[in-house]
Amino acid sequence: MSISATDFDFMALAFRLAERGLYTTMPNPRVGCVLVKNGDVIAEGWHERAGEGHAEANALRAAGDNARGATAYVSLEPCSHTGRTGPCAQALVDAGVARVVYAMEDPNPLVSGNGIALLRAAGIEVDGPVLEDDARALNPGFIKRMERKRPLVRCKMAMSLDGRTAMESGESKWITGPKARADVQRLRARSCAIVSGVDSLLQDNASLTVRADELGLPDTQAQAAAAKQPLRVILDSRLRTPRNALMFKQSTPILLVHNGQVEESQLAGWPEFVEFLALPAKDGRIDLQALISELARRQCNEVLVEAGATLAGSFLRRGLLDEIIVYMAPKLLGNKARGLFELPLDTMSSSLALKIKDICAVGRDWRITAVPDTEY
């Protein structure tokens, strides 16, 4: 493998292009492609949304005949199968590119290694992987779904400096400021599904939607992100969700998950965008592992849990959270206020260890990103 410093630079550009699809490519991965000839970029492309051109196809279209003899830098191995679009590896062969540099193999078993093999069989020089860790960071949910048959699950919480999420009465608006709330909107926008519980819905009456004017993005990008709304999933064993809840004002898909012990009359008369799903109960509550498996089956890459302490604690105790994002506000809510997670722990040895990945300021608040520390 002959990789130069210039190769790293062009691959970094492919990553920046891939990031343009952060909010729109689901359930497909985010991919960028750069075509280079004689040291100059001759075309760029990225995958914008499922069912439309892949990054390589878009770059080749922009380059035209000039693609012959070029080097293609791709943030993910070119696909080799025909889905809603044709195979990108074959398109690169047909265009006459001389070399392909890829960042990582595609974890999709329909592709993995096959695209590289097709290119090499056609006499194209292929180098990689290059900057694989950065490539994996672009598509953590897609990779997890392909490799482990489950989505990446994040939990978003907001708390005061003394670790409280709401007053004793349940009042919680607003703990954090507008910049933190815009950051949460962007978390929603990159997610395939948002999961909450009926108790949170009854308390907050949240719409659980992505709102273009609150994303803090350029208008065109914001409109594109808001046009692809995540699936809203409410865990509601006995179907207590009120039919006049705010979430029903926007007619994008809602999945009401119950335990199968509801009356037929409870399933009638809902808006057509509402779907019901019966899942088995475990310890008196909906089986969260079954839920995660179902969301993977529905091609969800990244799932955002926005819930109260009880449901959030259940996800955490069952080892189903890959990432915890806590927005900490410079406020004190006092000892009567509600805690962050419901975790019935009695001893220090039973505490759950976390690893802090990142801490950064978001307006006047702080965002803490942590993952379970399995080595602690």
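The structure displayed is predicted, hence computed values, not measured ones. (Residues numbered from 1 in each chain as written. Predicted model: local features only at pLDDT ≥ 70, side-chain atom pairs only at ≥ 80, totals over all residues. Heavy atoms only, no water.)

The secondary structure content of the chain amounts to 11 helices and 18 strands. In summary, the chain has a C-alpha radius of gyration of 23 Å against a globular reference of 21 Å for 376 residues, a match within 12%. Its C-alpha atoms put the chain at 70 × 45 × 40 Å along the principal axes. The buried share of the chain, taken over its 376 residues, is 51%. The long-range fraction of contacts in the chain, counting pairs at least 24 apart against all pairs at least 6 apart in sequence, stands at 69%. Summed over its atoms, the accessible surface of the chain is roughly 17700 Å², and 49% of this surface lies on carbon and sulfur atoms. (Helix = DSSP H or I, 4+ residues; strand = E, 2+ residues; numbered from the N terminus. Rg over C-alpha atoms; globule rule 2.2 N^0.38 Å. Buried < 20%, exposed > 50% of the residue type's maximum accessible area, 1.4 Å probe, protein only. Contact = heavy atoms within 4.5 Å. Areas by Shrake-Rupley, 256 points an atom, 1.4 Å probe, with all protein chains shown as cover.)

With 39 residues, the main nonpolar core has Met 11, Leu 35 and Val 100 as its most contacted residues. Where this core is concerned, the elements lending two or more residues are α1 (5-18), β1 (32-37), α2 (55-63), β3 (71-74), α3 (88-95), β4 (99-102), α4 (114-121) and α5 (132-138). The biggest single contributor to this core is α1, with seven residues. Once residues lying within four places of it in the same chain are set aside, the contact partners of Val 100 are Ala 72, Val 74, Pro 78, Leu 92, Leu 119, Ile 124, Glu 125, Val 126 and Asp 127. Counting residues in hydrophobic clusters, the runner-up holds 37 residues, among them Cys 155, Ala 193, Leu 255 and Leu 288. (Core = buried A, V, L, I, M, F, W, Y, C linked by side-chain atoms within 4.5 Å.)

Another aspect to go through is α2. Taken together, the buried positions of α2 are occupied by Ala 55, Glu 56, Asn 58, Ala 59, Leu 60 and Ala 63. Among the structural elements, β1, β2 (40-46), β3 and α3 are those in contact with the buried residues of α2. Two residues or fewer past α2, Gly 64 is found with a positive phi of approximately 65 degrees.

The next thing to look at is the pairing of strand β17 (residues 354-362). Where β17 and strand β18 (residues 365-372) come together, eight bridges link them in antiparallel fashion. When the bridges of β18 are listed, Val 362 appears paired with Asp 365. Linking β17 back to β18 in an antiparallel pair, the connection comprises two residues, with Gly 363 at a positive phi of about 65 degrees. (Pairing = 2+ DSSP bridges.)

With omega at 5 degrees, the peptide bond leading from Met 26 into Pro 27 counts as cis. In this fold, Pro 27 is placed in the loop between α1 and β1. Phi angles above zero are rare outside glycine, and Asn 38 is one such case at about 55 degrees. Within the fold, Asn 38 resides in the loop between β1 and β2. Owing to a relative accessible area of 76%, Asn 38 belongs among the exposed residues under this scheme. The phi angle at Gln 299 is positive, at roughly 65 degrees, despite the residue not being glycine. Structurally, Gln 299 can be placed in the loop between α10 (288-297) and β14 (302-305). Assessed through its relative accessible area of 43%, Gln 299 is described here as partly exposed.

Before going further, it helps to spend a moment on the sheet that holds β4. Spatially, the five strands line up as an open sheet ordered β2-β1-β3-β4-β5, and their pairing is mixed. Both edges of this open sheet fall to β2 and β5 (125-127), since each of them pairs with a single strand only. Each strand axis lies, on average, 15 degrees off the axis of its neighbour in the sheet, ignoring direction. Of the strands in this sheet, β1, β2, β3 and β4 are in contact with α1, which crosses β1 at around 140 degrees. (Axes fitted to C-alpha atoms, helices over the stretch in contact; angles between N-to-C directions.)

We now examine the environment of Arg 16. By the element assignment, Arg 16 lies in helix α1. Considering only alpha carbons, one finds Arg 16 and Gly 216, 200 residues apart in sequence, at a separation of 19 Å.

Below, the discussion takes up the sheet that holds β17. The nine strands lie next to each other as β11-β10-β9-β8-β14-β6-β15-β18-β17, forming an open sheet whose pairing is mixed. Only two strands of the sheet have a single partner each, and these edge strands are β11 (274-278) and β17. For this sheet the average axis-to-axis angle between neighbouring strands, irrespective of direction, equals 25 degrees. Pairing analysis gives four bridges linking strand β9 (residues 231-235) to strand β10 (residues 254-258), with the strands arranged parallel. Looking across to β10, one finds that Ile 234 is bridged to Leu 256. Across the sheet, helix α6 (residues 140-148) is in contact with β6 (152-160) and β14; its angle to β6 comes to roughly 135 degrees. Set on the sheet, α10 makes contact with β6, β8 (193-197), β9, β10, β11 and β14; between it and β9 the angle comes to about 165 degrees.

A grouping of Ile 356, Ile 359 and Trp 366 is seen on the molecular surface, where their side chains present a nonpolar patch of about 310 Å² in accessible area. The residue Ile 356 is located in strand β17 in this model. (Patch = residues over 30% accessible without salt bridge, like charges linked within 9 Å, V, L, I, M, F, W, Y side chains within 5 Å. Salt bridge = Lys/Arg side-chain N within 4 Å of Asp/Glu carboxyl O.)

Inspection of every chain in the model, using the stated rule, returns 23 salt bridges. Measuring nitrogen to oxygen at the nearest pair gives 3.7 Å for the salt bridge that ties Glu 125 to Arg 99. Taken as a pair, Glu 125 in strand β5 and Arg 99 in strand β4 lie far apart in primary sequence, 26 residues in all. Take Glu 125: its relative accessible area is 39%, and that puts it in the partly exposed class. The exposure class of Arg 99 is buried, given its relative accessible area of 11%. In this structure, Glu 275 and Arg 298 form a salt bridge, with 2.8 Å as the shortest nitrogen-oxygen distance. Pair noted here: Glu 275 is in strand β11 and Arg 298 is in the loop between α10 and β14, with a separation of 23 residues, a long-range link. The class of Glu 275 is partly exposed, set by a relative accessible area of 37%. Taken together, the salt bridges that share partners define one network made up of Arg 30, Arg 154, Arg 190, Glu 302, Glu 323 and Lys 357.

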